[in-house]
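# Remarks on the overall topology
Residues per chain are reported as follows:
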Amino acid sequence: THTHTHTHTHTHILVVSEEPVWRDPFYNGSVIKERGAVVLRLAKSWFRIGSLEILTRTGELDVLRTLLDFVIKEHFKSIGTNDPDKYVVFFSRVLNETAHLIAHWMSVGFAHGVCNTDNFSLLSITFDYGPFGFMESYDPNFVPNTSDDEGRYSIGAQANVGLFNLQKLLEALKPLLTSDQLSQSQQILREYPQIYHQRFHELFKAKLGFLGNEEKDSYVIAFLLKLMEDTGADFTMTFRQLSEVTLSRLQKGSFAPSLWALSDLSSHKHFRDWVQLYLQCLSSDTVAEDFNGAIYGAGRG
């Protein structure tokens, strides 16, 4: 699968005015006076799923085709402009890249905050993340957006929201597709969970230093995340400290105050069970013998 680099985001530039304005920053009726400002945002492209969705809904199909052809010509140069299936290939590419992007978000504990179709780029870059946040204590229900009372865009919901948005993208493309192309695209949509989970596991395996392709690796990842959820262990620092601790220290399960995240994790009654499984997976890797007593690679990626 062709992949883009997901580090491209949009840039904010803030221009502050001396003129005061009234704001309700937390949407709770507590209005305060602040200096006015204009935010200038720069990105490689601002075309998003909503850009196509609105044209289909208003029946502007000629404009839809023109815009889509422009986006493909400008940003998807490997797709032939004369390819009769170019819209199917485009949909497949966006689906793959969206799945990979959200897996990357999850691998670093990033919560976008407002994952509607108008905030999902057709180029699968991270943009329009206003009330975003990075998860500290591991919690799938982490919501960085104080106005998201229902937790619709919690960090654990992001993958499913991505699928919902891709369904909306397919609905937007539908008037331009033949029945065969629509059937192909629907099959591509069904492959999204597998693509997402595969990338998710690749990223977390790299964080844990797994270099082989053992079936147990996925279970060890899920087991660790469950331990982190139960103990509220810090997401970033758990992986960081796993990369610093020695194998013998990990087996003993007693940690210095500086390894506070692992100390939190070790309070779980199944911590030792997880450690044994983890060490088994490491030892089954062909190069695990070269680790020389330290788990290098955990926390990277």
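Look up: the structure comes first, before these words.
Residues numbered from 1 in each chain as written. Predicted model: local features only at pLDDT ≥ 70, side-chain atom pairs only at ≥ 80, totals over all residues. Heavy atoms only, no water.

### Concerning the overall build of the chain
- Helix and strand content of the chain: 11 helices and 4 strands.
- Every one of the 301 residues in the chain was classed for burial, and the buried ones make up 45%.
- Accessible surface, the chain as shown: approximately 15800 Å² in total, 51% of it carbon and sulfur.
- Across the chain, the mean location of the 27 positive side-chain charges is 2 Å away from that of the 35 negative side-chain charges. (Helix = DSSP H or I, 4+ residues; strand = E, 2+ residues; numbered from the N terminus. Buried < 20%, exposed > 50% of the residue type's maximum accessible area, 1.4 Å probe, protein only. Areas by Shrake-Rupley, 256 points an atom, 1.4 Å probe, with all protein chains shown as cover. Lys, Arg positive; Asp, Glu negative; His and termini not counted. Charge placed at Lys NZ, Arg CZ, Asp CG, Glu CD.)

### A look at unusual backbone geometry
- Not every positive phi belongs to a glycine, and Y27 is a case in point at roughly 55 degrees.
- Note on placement: Y27 falls in the loop between β1 (11-23) and β2 (32-42).
- The phi angle at D128 is positive, at roughly 55 degrees, despite the residue not being glycine.
- Along the chain, D128 falls in the loop between β3 (110-111) and β4 (133-134).

### Notes on the layout of surface pockets
- There is about 170 Å³ of room inside the second largest pocket.
- Around the second largest pocket, the lining residues are G156, A159, N160, L163, Y192, P193, Y196, H197, F200 and H201.
- Of all the elements in the fold, those that place two or more residues in the lining of the second largest pocket are α4 (158-173) and α6 (192-207).
- Ranked by the residues each element gives to the lining of the second largest pocket, the list is headed by α6, at 6 residues. (1 Å grid on protein atoms, 1.4 Å probe; cavity = no way out; pocket = protein on both sides within 12 Å on 5 of 7 lines; lining within 4 Å. Points joined across faces, edges and corners; volume = space filled by probe spheres on them.)

### Here we look at empty space enclosed by the protein
- On inspection of all chains with the given rule, the structure shows 1 cavity of 30 Å³ or more.
- By volume, the largest cavity is sized at about 50 Å³.
- Every residue lining the largest cavity is listed: T98, L101, W105, H112, N119, F120, S121, S124, I125, T126 and F127.
- For the lining of the largest cavity, the residue count by class is 5 nonpolar, 6 polar and no charged. (Nonpolar A, V, L, I, M, F, W, Y, C, P; charged D, E, K, R; others polar.)

### Some thoughts on the side chain of H268
- Relative to the assigned elements, H268 resides in the loop between α10 (260-265) and α11 (271-284).
- A polar atom in the side chain of H268 sits 2.9 Å from the side chain of D230.
- Aside from chain neighbours lying at most four places away, what touches H268 is L227, D230 and T231. (Polar contact = N/O pair within 3.5 Å; in protein donor to acceptor, adjacent residues only side chain to side chain. Contact = heavy atoms within 4.5 Å.)

### Thoughts on the packing of aromatic side chains
- Across all of its chains, the model carries 22 aromatic pairs by this definition.
- A ring pair is formed by F235 and F239, whose centres lie 5.4 Å apart and whose planes are at 70 degrees; its orientation type is edge-to-face. Note that F235 and F239 are positioned in helix α8 (residues 235-242) at a spacing of 4 residues, about one turn of the helix.
- Put simply, the rings of Y138, Y192, Y196, F200, F204, F235 and F239 touch in pairs and so form one group of aromatic residues. (Phe/Tyr/Trp six-rings, centres within 6.5 Å; stacked < 30°, edge-to-face > 60°.)

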